[in-house]
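# A structural walkthrough
Next come the chains, spelled out residue by residue.
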Amino acid sequence: MSLQILILAVTAACCLGFGFVLQQNAAQKAPLSDFLSPRILLDLMKVPRWLGGIGLMVVGMALGAMALGQGEISLVEPLLATNLLFALMLSRRQTKQPLGRQGWSGLALLAGGVTAFIVAGQPTGGTATDDSFRQWLIIGLMIGVALVLTTYAKRSRLSAGPALLATAAGLLYGVQDALTRVTGERFADGGMAQVLTGWQPYAVVALGLTGLILVQSAFETASLRMSLPALTAAQPLAGILCGVGFLGDRLRTDAGALAWEAAGLAGIVVGIILLGTHAAMPCGAAQPKRTPVLQTP
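Criteria and thresholds
- Residues numbered from 1 in each chain as written.
- Predicted model: local features only at pLDDT ≥ 70, side-chain atom pairs only at ≥ 80, totals over all residues.
- Heavy atoms only, no water.
- Helix = DSSP H or I, 4+ residues; strand = E, 2+ residues; numbered from the N terminus.
- Rg over C-alpha atoms; globule rule 2.2 N^0.38 Å.
- Buried < 20%, exposed > 50% of the residue type's maximum accessible area, 1.4 Å probe, protein only.
- Lys, Arg positive; Asp, Glu negative; His and termini not counted.
- Salt bridge = Lys/Arg side-chain N within 4 Å of Asp/Glu carboxyl O.
- Contact = heavy atoms within 4.5 Å.
- Expected span 1.5 Å × (residues − 1).
- Patch = residues over 30% accessible without salt bridge, like charges linked within 9 Å, V, L, I, M, F, W, Y side chains within 5 Å.
- Areas by Shrake-Rupley, 256 points an atom, 1.4 Å probe, with all protein chains shown as cover.
- Axes fitted to C-alpha atoms, helices over the stretch in contact; angles between N-to-C directions.
- Parallel < 35°, antiparallel > 145°, perpendicular 65-115°, else oblique.
- Left-handed = near helix turned anticlockwise from the far one by under 90°.
- Nonpolar A, V, L, I, M, F, W, Y, C, P; charged D, E, K, R; others polar.

### Things to note about the overall build of the protein
In terms of helices and strands, the protein carries eleven helices and zero strands. Order of helices (α) and strands (β) in the protein, N terminus to C terminus: α-α-α-α-α-α-α-α-α-α-α. The C-alpha radius of gyration computed for the protein amounts to 19 Å, which stays within 12% of the reference 19 Å derived for 297 residues, consistent with globular compactness. In terms of overall dimensions, the protein has a C-alpha envelope of 65 × 50 × 35 Å along the principal axes.

Take a look at the structure:
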């Protein structure tokens, strides 16, 4: 792993983490009538704090795209998952909560899991598969699961809904990262003309906007403790699946390496849950109860 990729990915994670906290601070005050509607973006555009969070997120995504253009997605995605560390860092300034045993344990598991996965797996690049069926199968699976989660979340918006929406958004962002890498490769091969004649850049934009609506709806209806861990865990898992599935990324597959890779991924997920549910994460403002409309005879 080059130092440049490490710096790009960690800086991207920092921008993403700070951006998520600022977005949730603003989105929690959005009206519930905006739930899962593009109107939520139009309403939030009037809030300077949200615009600042989106600006940081855009910078983070750009830096992440640069890292993906130089390194394997199976390498970059675990590093981007450290955005939760930076989100917790900013949240601690707001809530004044110490890390405690849970915070330090989560930090150690997340950092150790990322290290174990990268060292054991030794991700290397390869040639993307020409099997379009496999590519569409994996992409369709990710989008299909995201659609099912979103459909169920509409029925339970104030209970499990936010975590389901965040998971769905994470899956879409993982696919978006994979297609961002494909777009970069097309640009390197034939310039902007090659990019614009492919479907990938348009899918990147569509996935990004859809994921943004899902994330803001999750932030609107619950605290970061319910939404950010699911988002942060789902994105690298989906990205790694796409990388190995159709982008040509290769991981070591001997028994010892696979065991450490699995342990590393488990450590990442558990660390994300411990950090994401830490008391330092802001609870968010309680949503006002809506008065039922009385039917007139």
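### Considerations on the side chain of Glu 261
Relative to the helices and strands, Glu 261 is located in helix 11 (residues 255–276). The buried charged residue Glu 261 lacks any salt bridge partner; its closest oppositely charged side chain belongs to Arg 252, at an N-O distance of 6.0 Å. Residue contacts for Glu 261: discarding those within four places in its chain leaves Phe 117, Ala 120, Gly 121, Leu 251 and Arg 252.

### Focus: helix 9 (residues 200–221)
For helix 9, spanning 22 residues, the distance from its first C-alpha to its last is 32 Å, which sits close to the expected 32 Å at 1.5 Å a residue. With 17 of 22 residues buried, helix 9 is to be regarded as a mostly interior element.

### Description of unusual backbone geometry
The phi dihedral of Gln 122 is positive, around 45 degrees, even though this residue is not glycine. Along the chain, the position of Gln 122 falls in the loop between helix 6 (100–121) and helix 7 (132–153). By relative accessible area, which is 44% here, Gln 122 ends up partly exposed.

### Here we look at a nonpolar patch on the surface
Together, Phe 187, Met 192, Leu 196 and Tyr 202 make up a nonpolar patch on the protein surface, roughly 440 Å² of accessible area in all. At three residues, helix 8 (residues 161–196) tops the list of elements feeding residues into the nonpolar patch. Structurally, the position occupied by Met 192 is in helix 8.

### Describing the packing of helix 1 (residues 3–27) against helix 9
Relative to each other, helix 1 and helix 9 sit at 60 degrees, their axes nearing to 8 Å. With respect to their mutual orientation, helix 1 and helix 9 come out oblique. Considering how the two elements wind past one another, helix 1 and helix 9 form a crossing that is right-handed. For the pair helix 1 and helix 9, contact is made by Phe 20, Gln 23, Gln 24 and Ala 27 and by Leu 212, Gln 216, Phe 219 and Glu 220, respectively. The class makeup of the residues in the contact of helix 1 with helix 9 is four nonpolar, three polar and one charged.

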